[in-house]
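Listed below are the residues making up each chain.
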Amino acid sequence: MLCDIERKVLRVIANYSAGRRRTPTIDELCVKTGRNRGGIMMVLEVLAKEKYIDWQRSQPDHLVVLEAWERKGPGK
């Protein structure tokens, strides 16, 4: 299960992509979430590890949404 900030960043990325036909940059995510660059990078690492996005720290502004909604946990 995702925590609140991870869920928020995933929704921002998905909504931004749908509206603008591109994913937001790290700086744009910082502005939209009120988090600093390091915090956003940590959130993106979690989302990538959980296979919600395809992202690598070596190319921070290149990400691909694999799944735009949080998965249902067991028993839900």
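Chemist: Give a detailed account of the overall build of the chain, specifying residues and quantitative values.
Modeler: Of the regular secondary structure elements, the chain holds 3 helices and 2 strands. Seen in sequence order, the chain has helices and strands lined up from the N terminus as α-α-α-β-β. In summary, the chain has a C-alpha radius of gyration of 12 Å against a globular reference of 11 Å for 76 residues, a match within 12%. With the C-alpha coordinates aligned to their principal axes, the bounding extent of the chain is approximately 35 × 25 × 25 Å. Across the 76 residues in the chain, those meeting the buried criterion constitute 38%. Taking all contacts inside the chain whose residues are at least 6 apart in sequence as the whole, residues at least 24 apart take part in 41%. Carbon and sulfur atoms make up 51% of the accessible area of the chain, which totals about 5,000 Å². Both charge centroids of the chain, one from 15 positive and one from 10 negative side chains, sit 4 Å from each other.

Chemist: Could you give an account of the environment of Met1, with specific residues and numbers?
Modeler: Summarising the element assignment, Met1 is placed in the segment before α1 (4-20). The exposure class assigned to Met1 is exposed, which follows from its relative accessible area of 75%. For the pair Met1 and Glu70, spaced 69 residues apart in sequence, the C-alpha to C-alpha distance is 7.5 Å.

Chemist: Requested: an account of the side chain of Thr33, with residues and values cited.
Modeler: Along the chain, Thr33 turns up in helix α2 (residues 26-33). Overall, the relative accessible area of 10% leaves Thr33 in the buried class. Engagement of the side chain of Thr33 in a polar contact is seen with the backbone oxygen of Leu29, the distance being 2.7 Å. In this structure the side chain of Thr33 is engaged in a polar contact, spanning 3.4 Å, whose partner is the backbone nitrogen of Arg35. Contacts of Thr33, omitting those with residues within four sequence positions, involve Ile5, Lys8, Val9 and Ile40.

Chemist: Any details on the nonpolar core? Residues and values, ideally.
Modeler: Soluble globular proteins tend to pack their nonpolar side chains together in the buried interior. Core analysis: the biggest nonpolar cluster contains 19 residues, and Val9, Leu29, Ile40, Leu44, Leu47, Ile53 and Trp55 have the highest contact counts within it. Taken together, the elements giving at least two residues each to this core come down to α1, α2, α3 (37-49) and β1 (53-55). Ranked by residues supplied to this core, first place goes to α3 with 6 residues. Excluding its chain neighbours within four sequence positions, the residues that come into contact with Trp55 are Met41, Leu44, Glu45, Ala48, Pro60, His62 and Leu63.

Conventions used here
- Residues numbered from 1 in each chain as written.
- Predicted model: local features only at pLDDT ≥ 70, side-chain atom pairs only at ≥ 80, totals over all residues.
- Heavy atoms only, no water.
- Helix = DSSP H or I, 4+ residues; strand = E, 2+ residues; numbered from the N terminus.
- Rg over C-alpha atoms; globule rule 2.2 N^0.38 Å.
- Buried < 20%, exposed > 50% of the residue type's maximum accessible area, 1.4 Å probe, protein only.
- Contact = heavy atoms within 4.5 Å.
- Areas by Shrake-Rupley, 256 points an atom, 1.4 Å probe, with all protein chains shown as cover.
- Lys, Arg positive; Asp, Glu negative; His and termini not counted.
- Charge placed at Lys NZ, Arg CZ, Asp CG, Glu CD.
- Polar contact = N/O pair within 3.5 Å; in protein donor to acceptor, adjacent residues only side chain to side chain.
- Core = buried A, V, L, I, M, F, W, Y, C linked by side-chain atoms within 4.5 Å.

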